Amino acid sequence: NVDHQQADWVSIHEQICQLLIPVCTFLPFPLSEKERKHNVEQLVKRKKYIIDLAYHRAQEFILDGKHKEAIPAALHALRFSTEVYGSNSVQLVPAYLLLAEALAGAGHPLQASKYLSQAEWIVLRTPDCSVAVQCKLQRSLGLLCAAGGNFDQALYHLANEVYLVSSTLGLNSVEAAGGYFHMANIFLRQNKMDIANSLYAKVTSIWHAFLLKSVQAQEQALQSQPEMSPFTEDKELSEDPMTKAQQAEAIRVLRTVLAVREEAPKQQPGETARVLHALAMLYYLAKDLPKAAETAMKALNLVKQLPQPESLEAISHLLELIETKPS
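Calculation criteria
- Residues numbered from 1 in each chain as written.
- Predicted model: local features only at pLDDT ≥ 70, side-chain atom pairs only at ≥ 80, totals over all residues.
- Heavy atoms only, no water.
- Helix = DSSP H or I, 4+ residues; strand = E, 2+ residues; numbered from the N terminus.
- Buried < 20%, exposed > 50% of the residue type's maximum accessible area, 1.4 Å probe, protein only.
- Contact = heavy atoms within 4.5 Å.
- Areas by Shrake-Rupley, 256 points an atom, 1.4 Å probe, with all protein chains shown as cover.
- Core = buried A, V, L, I, M, F, W, Y, C linked by side-chain atoms within 4.5 Å.
- Expected span 1.5 Å × (residues − 1).
- Salt bridge = Lys/Arg side-chain N within 4 Å of Asp/Glu carboxyl O.
- Arc of directions from axis to C-beta.

> Quick question: what am I supposed to make of the overall build of the chain here?
Scanning the chain from N- to C-terminus turns up 14 helices and 0 strands. Taken from the N to the C terminus, the helices and strands of the chain come in the order α-α-α-α-α-α-α-α-α-α-α-α-α-α. Taking all 327 residues of the chain together, the buried fraction comes to 40%. Long-range contacts, defined here as pairs at least 24 residues apart, represent 63% of the contacts in the chain between residues at least 6 apart. Accessible surface, the chain as shown: approximately 18800 Å² in total, 55% of it carbon and sulfur.

> Looking at this structure, I do not really get the nonpolar core. What am I missing?
One broad rule of soluble globular proteins: the nonpolar side chains tend to lie buried together. Ranked by size, the top nonpolar core spans 58 residues in total, and within it W207, L211, L282 and Y284 carry the most contacts. In terms of residue count, the dominant contributor to this core is helix α12 (residues 269-285) (11 residues). Among residues more than four places away in sequence, those in contact with L211 are M242, L254, A278, M281, L282 and L285. Residues V93, A95, A112 and V123 belong to the second largest nonpolar core, which totals 32 residues.

> Hey, could you run me through unusual backbone geometry in this one?
In terms of backbone geometry, most residues other than glycine have negative phi values and most peptide bonds are trans. A positive phi is found at N191, a non-glycine position, where the angle reads about 65°. Mapped onto the secondary structure, N191 falls in the loop between α8 (174-189) and α9 (193-224). A relative accessible area of 60% means that N191 is categorised as exposed. You will see that K287, though not glycine, has its phi angle at about 70°, which is positive. Here K287 shows up in the loop between α12 and α13 (289-303).

> So what exactly am I meant to see when it comes to helix α3 (residues 67-85) here?
For an α-helix, the turn length of 3.6 residues means that residues three or four places apart are oriented alike. Its 19 residues place the ends of α3 26 Å apart at the C-alpha level, agreeing with the 27 Å of an ideal helix rising 1.5 Å per residue. Buried within α3 are the following residues: H67, A70, I71, P72, A73, A74, H76, A77, L78, F80 and S81. At the exit of α3 stands G86, carrying a positive phi of roughly 95°.

> Honestly, the pattern of salt bridges in this entry has me stumped. Any pointers?
Two side chains with opposite charge may pair up if their charged atoms get near one another. All chains considered together, the criterion is met by 6 salt bridges. The partner of E83 in a salt bridge is R79, with the nearest N and O atoms 3.4 Å apart. Highlighted residues: E83 and R79, both in helix α3, separated by 4 residues, approximately one helical turn. Because the salt bridges share partners, they merge into one network encompassing K47, R79 and E83.

> Sorry, what's going on with helix α14 (residues 312-324) here?
The end-to-end C-alpha distance of α14, which contains 13 residues, comes to 19 Å, matching closely the 18 Å that a straight helix rising 1.5 Å per residue would cover. Within α14 the residues assigned to the buried category are I315, L318, L319, L321 and I322. Axial view of α14: buried residues confined to an arc of 160°, hence all on one face. Those residues of α14 that are exposed and aimed more than 90 degrees away from the buried face are E313, E323 and T324. In this fold, the buried residues of α14 make contact with α9, α12 and α13.

Quick look at the structure:
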């Protein structure tokens, strides 16, 4: 209907309308085998480009919390993935998971479960499926179970995710922090505060260490550069240390942990200060200097009240970096 057409246009069709013309247009039968092969290669290339465009468009909507708007784009990514790779290919799993996440966020858990089941079936029948795809599947299954109140099953899937990530990237990787975070949220809902607090502390520690290294690396890179005109744009320095998806996840995770810390009946100022410091570094790397300065000052004031202000020097140095960084 008209509403569906409008939703499709806003979500993705406006971006791919011209790209669909050569994909959907009937071509005359080629004169030679070489021409036929060339036409097929060009068609596949165009479809892969549409897949990538639609997938990232849907991902952007989800990162912005616009799950309903993400659904048409995710459907296009799945449709063309099926045409290019076949209905049973493991290449379809990312599109299935993205569509399931969009549907679940838009309030359609049954439809989301249907697509997750398809993804799970493909992964189970693909012995050499990559760890990254398996992790994404376990995360999606865990979150869907948690949304439905099946906490034991949710913890099972999230524990599988942490195991898979840790066996590949290590226990203290930022990729593993996501699984710890979602498990902590479940234990919080079960009122198992000791476990939840322990996991939130682990998540904070991982992100804090990662962001501290990122800030130090950026500072060293700036110091090693020769003096240049302020109008000169340096490509290496302009590149972000994290992807947009990583930044969005880090902000969401650390804000949630901060809210839990600030609302807890028993305050832990040391842990709260660590979360604030991590958030300040994240805002600094994201070039949001006003928020970085405000958050760093909160962390500094809190740390000054501690008997052993271990991170006082690091936070003070971050404030100096924020003040000297050009807007």
